[in-house]
Amino acid sequence: MFEAGGAQVLGSVEEGRGGEIDRRGGACLTTVNMNWFLLFNWTFSLPLCPQSTASLSGRLLDPSPAAIPHASLTLSNPLTGFTETTHSSDSGAFHFTNVPFGNYTLSVEKPGFAPLSRRLALRSNVPAMVELVMELATASNTVSVVDFDREALVHPQDTGSRAEIHHREIDRLPLASRGLEAALLTFPGFAQNANGAIHPRGAHNQMTFVVDGMPVTDQLTGAFANAVDPSIVQTVELFTGNIPAEYGSKVAAVANVTTRSGLGAGRILGGAVTLGSDSQDTLSSQARISGERGRLGYSASLSAMKTNRYLDAVNLANFHNGGNLERAFSRFDYQPSDRDSFRVNIMAGNSSFELANLASQQANGMDQRQGLRDFSFMLGWVRTLTARATWDVTASVRTAEATLTPSPGDIPVTAGQTRRLTTATLWNRVNTVRGRHNVKAGADAQYFPVSERFTFGITSATFNAPELPGFIDTLLDYDLTRGGRLFRFADAAAGGLYSGFIQDNISLGRWNLALGLRYDAYRFLTRGNQMQPRVGVSYYLRETGTVLRASYNRTYQTPPNENLLLASSEQSSVLVARSVRSTLGQGVVRIRPERQNFYEAGVQQAIGSHLSADASFYHKDARDQQDNNNFFNTGIIFPMSLAAIRVNGVEGRVALLPARGFSATASVTHARAVSTPPFTGGLFIGNPGVILLSSGPFVIDHDQKLGVQTVVAYDIGRGLSATVSTRYDSGLVTNPSDPAVVARDADYAPLLPYVNLTSNPPRTLPRAITNVGVGYKGERWEADFQVTNVTNKTALYNFQSLFVGTRLAAPRTAALRLRWLF
């Protein structure tokens, strides 16, 4: 065993500079008098971890060396808020499982011994092992240091923009949205839009959530699909720059979600029951349990919610906007042998809600309703091959269904929809740590059958009237007020995405290299292949606490599958104005995957002992830009693409680590996004703005000059805490509507004070919304009280946009949540 500074290193864990134990690509196995046979067998006796998490195990010894039992060990990352505590057994053994990849501080305390602290980098699911030797307490070594060293304030291994957030930080945020996306907005790189939607780095969505190794590429917003429940989350690892080669399909951003596990609970059964209510007539409840017994760990939750403001409203009166949501989740971890570990995840959601009405629709008795259902099942297996290598397999099936039910009072059009998307995925990964190299290679297959049914008809004689500008003659066949019939579409098809990759994270002293290569073969309505290099480099100046980084990514982003059959069909082409179709030569051009070049440069800086700063600049250029067209403020979206997009952005984040009870973050985002027509796909009925936008390059609605998000938290003491968050948005780009026409429209005229239609480009007016939360955590009870939009600011997310429609920010809302722990 190699001993340095009280730490004896086993397996492939390296004793680094200044007492750091490194579990990254540069892990170096240095041994003196090590019994390899014992090491190999101890490796197999360790708890295994899922594909996207690490594990740490070890023994705690005194100088004699004898085992130290019942010592307190805490693994923490102050930048992310991750903190887990365990105790050594009678034999001095300890284990941490389900640890998200990242940098950590391991702190050990035991009466009679000097406090011990070590830095670790856990970057692989190959089990990490360490032996620690504690010195006996003396007068000179019993003082605990409360300042953070520079190693805790920066991540030298990061070669692209990467961030993490722990469930303790998520739980204390006063969130106005029900989905996990609201927590991601605390990081730079996102523009906020309606119904929980976020635009990552100038993209419409194109985001993947990887839940315990299961990829979810559905558009997870309240209007189109049920979002990930924040309450099931332990930690989120967020990539927005230098996306690892193992991720594909939708990679404008990747949120690697680690859910809460029952392993390490230390009891057979525990849990919580939560009840909540708010001033929007919302009632909510949740039951959560978790525990472990022997080699089995489990966790499960069931939640329900009913509200009178389900989606963001389309007018000031919030007409016809009630709904309910139910979600269920369970996770089981089982280790039948010392070399094998299995994990099962089951996730389901069901929502039923009214579609918000305009004033004219409310007066006409319009009663459209939408339903969303999803079910996911995942089985994961991790096999330890050697002391330095693992093989893991994840097989998952996810089904998402959406229905839109029309009503007799629908105006100006009536529509109905039933769609179903099933995604079956098989991921294979081999992970190995060799010297300075942390290598991962894999082969993936994804199969996605799709079925769609859609009906449409015009129900208002003043809509698409022949005497009006913008009249579309091909819609007359579906004008029910002029003897037409319903447009009907039904189709089904299946496609696949087949991928292979290899990536290597290499540590070379101050330098860190990330070398990756991915290949995708897309087989659906179009066929395509793409080789994608993903490379990055970082350089660490220890003397100043500075990390410089740069990266280049080639990505291949596949089209959204929701309503892709209709948007790409010959039938839908007759619903679009001839002037728009003429740009495509009158034919139907099917939507192709987006091919993108992505360049980024950034810097991390430690400031003093409690401040961390991160800044980046990026440029993206892409062909066949992916986007969506929203159909009449409904929950129906149609995939579309444009010929190209160019995005430039600057971002920054400053984090204050806990000091005298205070902690804070501030994130700044600027993005400039310019798209070039022609349009492909979409269904732009009733939106003449598409004709104007088809004439040449335009600033798309993902563009925003400035977005700022601040969060300030204070631990008052005795279980009490307070959090204040403020978000400022300078305004997204809206539809190029004529102010005079809008002023004559009774539905939209009341919203004119909140949008600037005369600017170039037109934008919603700036808004600043502040949320406040106060919480109490006790042994048996917890309580949270929050007020969102404290100043009751009236503001628009967007206005008559052909991409997202019209939506307003929610008014001031007070909410109370009570939780009983058992």
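Here is a short report on the structure shown in this document.

Calculation notes
Residues numbered from 1 in each chain as written. Predicted model: local features only at pLDDT ≥ 70, side-chain atom pairs only at ≥ 80, totals over all residues. Heavy atoms only, no water. Helix = DSSP H or I, 4+ residues; strand = E, 2+ residues; numbered from the N terminus. Buried < 20%, exposed > 50% of the residue type's maximum accessible area, 1.4 Å probe, protein only. Contact = heavy atoms within 4.5 Å. Areas by Shrake-Rupley, 256 points an atom, 1.4 Å probe, with all protein chains shown as cover. Pairing = 2+ DSSP bridges. Salt bridge = Lys/Arg side-chain N within 4 Å of Asp/Glu carboxyl O. Phe/Tyr/Trp six-rings, centres within 6.5 Å; stacked < 30°, edge-to-face > 60°. Patch = residues over 30% accessible without salt bridge, like charges linked within 9 Å, V, L, I, M, F, W, Y side chains within 5 Å. Axes fitted to C-alpha atoms, helices over the stretch in contact; angles between N-to-C directions. 1 Å grid on protein atoms, 1.4 Å probe; cavity = no way out; pocket = protein on both sides within 12 Å on 5 of 7 lines; lining within 4 Å. Points joined across faces, edges and corners; volume = space filled by probe spheres on them. Nonpolar A, V, L, I, M, F, W, Y, C, P; charged D, E, K, R; others polar. Core = buried A, V, L, I, M, F, W, Y, C linked by side-chain atoms within 4.5 Å. Polar contact = N/O pair within 3.5 Å; in protein donor to acceptor, adjacent residues only side chain to side chain.

Section: the overall build of the protein chain
Now for step 1: The helix and strand inventory of the protein chain stands at nine helices and 45 strands.
Now for step 2: Looking at the protein chain residue by residue over its 822 residues, the buried ones come to 59%.
Now for step 3: Once local pairs closer than 6 in sequence are excluded, the contacts in the protein chain between residues at least 24 apart make up 69%.
Now for step 4: Roughly 30,200 Å² of accessible area belongs to the protein chain as shown, and the carbon and sulfur atoms make up 59% of that amount.

A closer look at the pairing of strand 29 (residues 511-523)
Each regular strand shows side chains that alternate between the opposite faces of the sheet.
Now for step 1: Where strand 28 (residues 487-508) lies against strand 29, 13 bridges are found, and the strand directions are antiparallel. Each bridged residue has a counterpart across the sheet, and for Gln503 the counterpart in strand 29 is Gly516.
Now for step 2: Between strand 28 and strand 29, which pair antiparallel and follow one another directly, the connecting turn spans two residues, one of which, Gly509, has a positive phi of 65°.
Now for step 3: Across 13 bridges, the pairing between strand 29 and strand 30 (residues 527-541) is antiparallel. If you follow Ala514 over to strand 30, its bridge partner there is Gly536.
Now for step 4: Where strand 29 folds back on strand 30, the antiparallel hairpin that results is connected by three residues.

Focus: the pattern of salt bridges
Any two side chains of opposite charge can pair, given that their charged atoms come close.
Now for step 1: Counted according to the given criterion, the structure contains 36 salt bridges.
Now for step 2: Across the pair Asp729 and Arg727 runs a salt bridge whose closest N-O atoms are separated by 3.1 Å. Across the pair, exposure class does not vary: Asp729 and Arg727 are buried alike.

Quick look at the packing of aromatic side chains
Now for step 1: Throughout the structure, instances matching the rule amount to 16 aromatic pairs.
Now for step 2: Ring centres of Phe82 and Tyr104 lie 5.2 Å apart, and the angle between their planes is 70°; this geometry places the pair in the edge-to-face category. Remark: Tyr104 occurs in strand 9 (residues 102-109) and Phe82 occurs in strand 7 (residues 82-87); sequence separation between them is 22 residues.
Now for step 3: Ring geometry for Tyr310 against Phe353: centres 4.6 Å apart, planes inclined by 10°, an arrangement best described as stacked. Separated by 43 residues along the polypeptide, Tyr310 in the loop between strand 21 (296-307) and strand 22 (323-337) and Phe353 in strand 23 (residues 340-354) bring together distant segments of the chain.
Now for step 4: For Phe353, a relative accessible area of 2% puts it in the buried group.
Now for step 5: Members of the aromatic cluster, connected to one another through ring pairs, are Phe342, Trp381 and Trp391.

Topic: a nonpolar patch on the surface
Now for step 1: A cluster of nonpolar side chains, namely Val273, Phe662, Val712, Tyr714, Ile716, Leu720, Val724, Tyr776, Trp781 and Trp820, defines an oily patch on the protein surface of about 880 Å² accessible area.
Now for step 2: Looking at the nonpolar patch, the elements that each hand over two or more residues are strand 37 (704-717) and strand 38 (720-729).
Now for step 3: Tallying contributions element by element places strand 37 first for the nonpolar patch, with three residues.
Now for step 4: Within the fold, Val712 resides in strand 37.

So, unusual backbone geometry
Now for step 1: Cis geometry marks the peptide bond from Ile411 to Pro412; its omega dihedral reads -5°.
Now for step 2: Turning to its location among the elements, Pro412 is positioned in the loop between strand 25 (389-405) and strand 26 (413-434).
Now for step 3: For the bond running from Asn760 to Pro761, omega is 0°, close enough to zero to count as cis.
Now for step 4: Mapped onto the fold, Pro761 is located in the loop between strand 39 (755-756) and strand 40 (763-764).
Now for step 5: The phi torsion at His70 lies on the positive side, around 60°, for a residue other than glycine.

Things to note about the environment of Ser107
Now for step 1: With respect to the secondary-structure elements, Ser107 resides in strand 9.
Now for step 2: According to the relative accessible area criterion, Ser107 is partly exposed, its value standing at 27%.

A look at the sheet that holds strand 15 (residues 207-211)
Now for step 1: With mixed pairing, the five strands of this open sheet are ordered in space as 12-17-18-15-16. Edge positions in the sheet fall to strand 12 (162-166) and strand 16 (214-216), since each of these pairs with one other strand and no more. Ignoring strand direction, the axes of neighbouring strands in this sheet form an average angle of 20°.
Now for step 2: Across five bridges, the pairing between strand 12 and strand 17 (residues 233-239) is antiparallel. Bridge pairing links Ile165 to Val236 in strand 17.

Points about empty space enclosed by the protein
Now for step 1: Approximately 590 Å³ is the volume found for the largest cavity.
Now for step 2: Contributing elements (two or more residues each) for the lining of the largest cavity: strand 17, strand 27 (437-458), strand 28 and strand 29.
Now for step 3: For the lining of the largest cavity, the residue count by class is 11 nonpolar, 18 polar and eight charged.
Now for step 4: Each pocket or cavity is described by its volume, and for the second largest cavity that value is around 390 Å³.
Now for step 5: Listing elements by their share of the lining of the second largest cavity, those giving two or more residues are strand 12, strand 33 (611-630) and strand 34 (637-659).

Considering the nonpolar core
Now for step 1: Membership of the largest hydrophobic core comes to 39 residues, with the highest contact counts inside it found for Phe454, Phe456, Phe487, Tyr522, Phe524, Phe631 and Phe638.
Now for step 2: Membership of the second largest hydrophobic core comes to 32 residues, among which are Ala163, Ile198, Val228 and Val257.

Points about the side chain of Thr259
Now for step 1: Locating Thr259 in the fold gives a position in strand 18 (residues 253-259).
Now for step 2: For Thr259, the side chain forms a polar contact with the side chain of Asp212, separated by 2.3 Å.
Now for step 3: Not counting chain neighbours up to four residues away, the residues in contact with Thr259 comprise Asn98, Val211, Asp212, Ile232, Val233, Gln234, Phe329, Arg331 and Asn345.

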